[in-house]
Structure formats: structure tokens, C-alpha cells
Amino acid sequence: MLSKRIDALSESLTIAISTLARDLKAQGKDIISFSAGEPDFDTPQKIKDAAKKALDDGFTKYTAVAGIPTLLQAIADKLKRENGLEYSKDEIIVSNGAKHTLFNIFQALIDEGDEVIIPAPYWVTYPELVKYSGGIPIEIITDDSSGFKITPQQLQDAITPKTKMLILTSPSNPTGAVYSKEELTALGEVLKGTNITVVSDEMYEKLVYSTIFTAAASISEDMLQRTITVNGLSKSVAMTGWRFGYMACKNKELIKAVNKLQSQSTSNINSITQVAAITGLDGSVDDEIEYMRQAFEKRCKVASAMFNAIDGLSVVEPQGAFYLFVNCKKVNPNSMQFCKDLLEQEGVATVPGLGFGTDGYFRFSFATDLDTITKGIKRIERFVKNYKN
């Protein structure tokens, strides 16, 4: 007999679609998948070399739960150098990817009935983890007209005496929206005088186009004190399978609580990953990061232009990440049906916007080569031209 809380948890729609696409491909069907949320590049060689050396050195034992001191210092140095944020080693903890970091945070902070404000479209995992932790997701709906970003008034209207947390994602998965310094400052003004914690997911910070990334905690002293910065190396240096994420915050009581929880669940993360992550953080692979960023930016522009040339579809060109959130309302506002028909008729896998809390759209990942992107969008164009629902 399963627990009620696990029964209420939904499977990640992005993983489900990717699995279906792989199964169809294994059956011999010609499938092009744009559902994956990971870079198509390999982990930089310098990072792999650091991991090999750790193995050769026998660095294969348990470590401190929060992470080895040299790694914590590398994170602190990175946050100061790149984001202007001052953190000590005891204000940082590493976990098995940002998803694990978020799970720890929600479990440590959310009590039954606490409200968590989540701008939509959102990453599929946010509301599920909030509900699993006993919280109530409060969605703020955004769309193309606002560039998929919430306004200070929307935030003000969503706050109640039960509001415990606001989740901010910049750059956004699935829309690629990036909040400017001015926009973050305006949101920060709304939060002044409250006890609301901000969870700032900044996983895609290195992948920005024609804009500048601003860390939420860097806006003001007030935002620094209330913000938990969540980040990792999965997207910036293609380390998805290594499972490395971290959180940094001024609330040392929370760090201790997360450390306690992690000590009773997973303990430390992989020791080899910890050593390798230092190289991913210290600037050693900045050239490789920039190479990937430029490649993603080129793909972004090509894909955006192609979609906007298709009658019935439209997309706001993203400022960051590696996704397009394509408006398909004129073709079929039911995104689940649209994506199912597209996969069956043209062998193209995308993710329904419904899974991100916003129907009438689909997410298209351009984390693949330009030839595949062009081929896939041409199939989508043919599908839309002939589509009858």
C-alpha cells in the first residue's frame, strides 16, 4: 500500500516524453526528439582529467556531507567573482544536482499549508516538490505579452499571510526569459517587510543571449538575506550525468538543517564529482563555456526565425537557456493533443506546455545540431500545414 503523498506525485512529463521518443526510436521509427533538457556537448576534457586524477589518487571515500572544503571555497570564489556575492564555506552545501537541492530546501522550510508562489510557465518539478512537502503552489500566470515574466503588481496580489516562498527562475526553463536588474529590483521592493524566502534557480546563468545575467541575491542587502541561490554545472559545462548542484544562503540555520537531512538520506555527493566540479567552477573551462553559449545562441536565432515564419505558430525569442516555448493556440490549444499528434504523424517529440502549467504552447529544446533543428522544424511546418484536429 503506497503512501498518499507518493500517490499524489506526478511523473516528470519531460522525462516521460523523452522515454516515449526513445522507445519509438528503438522500434525502428524515424524519431527526432527535441524534448531533452541537457546540452548535446560533452563535458570539457579538463573536467574529465580532474576526475581521472581523483580516481588515480584514490579519492574514493566518504566526504563531509556538505562537500569538501576546497569545493565549497571554489563555489564561494565563483559567487564573489562572477555574481558579486559574499558567502563563507558554512553558507554553502552541495547536493546531487539542483533537483536534489530544491527537494532539501522544500523539505526543510515548508510546513503543511504554506503557500509557495510559482510563476507559470514553470519547470515541471517545482509544484510537484512543493505539494510533496505539504505546501500549496500558487501560480502567477504569464504569457507572450509580458515576455513570460511576472510584474510587481502580480506578485503583490499573490501574497497572503500564508505565503512562505517565491520561486524565481532566470533564465527560465521553459521560456528562456531573463529578469533584468531593474525587474528584480522592482520585485524585491514588493518583498520588503515580509518574511518570504526567495528561491532563485540560476542553473542557466551562463547561457544568456543579448542580455546580462543578474543574480537575485545581488540586488540589495534585503534580497541577499532572504534569497537562497540554487545553481550547478549541468547546463553550463554539460555535466548533467555527474549530478552536481549547490545552494548558498545567509541563513546558516537552514544550511545546518539541510545538512542534517542530507546526512540521513544521501550523505555526501559523489567524491569524484566534487573534485571535477572545482575545475568547472574556477574559470579553467570558460573558453569551452563561451563556445557552447555561442553555438546555442546561433541555434536560438535560426530556430526562432523558422518558427515565426510558420503560419499558426509564434515564439518570443528567448534571452537565455536552450528552449523555445512555441505558441500553438491557433493550431490546437490542447498542447497534449498537439504534441501527441506531432509525434505520431511526423516523428517529432516536443513537450506539451500543459506540463509547465501553461496550455496552448509546446517546449522545443534546441540543444542539438542545426541540421537536426532545421529538419525537425520543417517536419513541424508540414504537420501544421496539414493538421486537422
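Refer to the structure above for everything that follows.
Residues numbered from 1 in each chain as written. Predicted model: local features only at pLDDT ≥ 70, side-chain atom pairs only at ≥ 80, totals over all residues. Heavy atoms only, no water.

A. Structural view of the overall build of the protein chain. Broken down by element type, the protein chain carries 14 helices and 13 strands. For 389 residues, the compact-globule formula gives about 21 Å, and the C-alpha radius of gyration of the protein chain, at 21 Å, lands near that figure. By its C-alpha atoms, the protein chain is 60 × 55 × 50 Å across when sized along the principal axes. Buried positions account for 55% of the 389 residues belonging to the protein chain. Across the protein chain, contacts joining residues at least 24 apart in sequence account for 75% of those joining residues at least 6 apart. In the form shown here, the protein chain has an accessible surface area of approximately 16900 Å², with 51% of it arising from carbon and sulfur atoms. (Helix = DSSP H or I, 4+ residues; strand = E, 2+ residues; numbered from the N terminus. Rg over C-alpha atoms; globule rule 2.2 N^0.38 Å. Buried < 20%, exposed > 50% of the residue type's maximum accessible area, 1.4 Å probe, protein only. Contact = heavy atoms within 4.5 Å. Areas by Shrake-Rupley, 256 points an atom, 1.4 Å probe, with all protein chains shown as cover.)

B. Fine view of the packing of helix α13 (residues 335-346) against helix α14 (residues 370-386). Relative to each other, α13 and α14 sit at 110 degrees, their axes nearing to 10 Å. With respect to their mutual orientation, α13 and α14 come out roughly perpendicular. The residues of α14 that touch α13, namely those facing F338, D341, L342, Q345 and E346, are R379, I380, R382, F383 and V384. Residues belonging to the contact of α13 with α14 are distributed by class as follows: five nonpolar, one polar and four charged. (Axes fitted to C-alpha atoms, helices over the stretch in contact; angles between N-to-C directions. Parallel < 35°, antiparallel > 145°, perpendicular 65-115°, else oblique. Nonpolar A, V, L, I, M, F, W, Y, C, P; charged D, E, K, R; others polar.)

C. Looking closely at the sheet that holds strand β8 (residues 245-248). Judged by pairing direction, the sheet is mixed, and its seven strands sit side by side in the order β2-β8-β7-β6-β5-β3-β4 without closing on themselves. Here the strands that pair on one side only, and so sit at the sheet edges, are β2 (92-95) and β4 (136-141). Put simply, the sheet's adjacent strands are angled 20 degrees from each other on average, direction ignored. Of the pairings in the sheet, the one linking strand β3 (residues 115-120) to strand β5 (residues 163-169) comprises three bridges and is parallel in character. Its bridge partner lying in β5, I117 is registered against L166. (Pairing = 2+ DSSP bridges.)

D. Main features of the packing of aromatic side chains. A full pass over the atoms with the stated rule returns 21 aromatic pairs. Judged by centre distance (5.5 Å) and plane angle (90 degrees), the rings of F41 and F296 are edge-to-face. With a gap of 255 residues between them, F41 in the loop between β1 (32-33) and α3 (45-56) and F296 in helix α12 (residues 286-308) connect regions that are remote in the sequence. Ring centres of Y204 and F322 lie 5.4 Å apart, and the angle between their planes is 75 degrees; this geometry places the pair in the edge-to-face category. Of this pair, Y204 sits in the loop between β6 (197-201) and α9 (221-226) while F322 sits in the loop between β9 (314-315) and β10 (323-327), and the two are 118 residues apart along the sequence. (Phe/Tyr/Trp six-rings, centres within 6.5 Å; stacked < 30°, edge-to-face > 60°.)

E. Representation of the sheet that holds strand β13 (residues 361-365). With respect to topology, four strands assemble into an open sheet ordered β9-β10-β13-β12, the strand pairing being antiparallel. Edge positions in the sheet fall to β9 and β12 (351-352), since each of these pairs with one other strand and no more. With five bridges connecting them, β10 and β13 associate as antiparallel partners. Paired with L324 across the strands is F364, a residue of β13.

F. Layout of empty space enclosed by the protein. In total, this model carries three cavities of 30 Å³ or more according to the counting rule given. Its boundaries defined by the atoms lining it, the largest cavity holds a volume of some 130 Å³. As for the largest cavity, its lining consists of 15 residues, and the residues nearest its centre are P119, P121, Y122, T169 and S172. Secondary-structure elements contributing two or more residues to the lining of the largest cavity are β3 and β5. Sorting elements by how many residues they give to the lining of the largest cavity places β5 first, with three residues. Residue composition of the lining of the largest cavity, grouped by class: 11 nonpolar, four polar and no charged. Size it by volume and the second largest cavity reaches roughly 80 Å³. (1 Å grid on protein atoms, 1.4 Å probe; cavity = no way out; pocket = protein on both sides within 12 Å on 5 of 7 lines; lining within 4 Å. Points joined across faces, edges and corners; volume = space filled by probe spheres on them.)

G. Up close: the pairing of β13. The buried fraction of β13 amounts to five of the five residues, a majority that puts the element mostly inside the structure. Taking every second residue as pointing to the same face, both faces of β13 are buried, with Y361, R363 and S365 on one and F362 and F364 on the other. Relative to β13, β12 runs antiparallel, the two sharing two bridges. Within β13, the position partnered with P352 by the bridge is F362.

H. Local environment of helix α4 (residues 69-83). Between the first and last C-alpha of α4 there are 20 Å, a value that for 15 residues agrees with the 21 Å anticipated at 1.5 Å per step. Among the residues of α4, those classed as buried are L71, L72, A74, I75, A76, K78, L79 and N83. At the exit of α4 stands G84, carrying a positive phi of roughly 70 degrees. (Expected span 1.5 Å × (residues − 1).)

I. Geometry of the pattern of salt bridges. Across all of its chains, the model carries 21 salt bridges by this definition. Note that K78 and E82 form a salt bridge whose closest N and O atoms lie 3.5 Å from each other. Taken as a pair, K78 and E82 lie in helix α4 at a separation of four residues, close to a single helical turn. On the basis of relative accessibility, which here comes to 3%, the residue K78 falls in the buried class. Judged by its relative accessible area of 31%, E82 is partly exposed. Between K80 and E86 there is a salt bridge whose closest N-O contact spans 3.6 Å. Judged by its relative accessible area of 48%, E86 falls in the partly exposed class. Salt bridges sharing partners connect three or more residues here, namely K78, R81, E82, E205 and K206. (Salt bridge = Lys/Arg side-chain N within 4 Å of Asp/Glu carboxyl O.)

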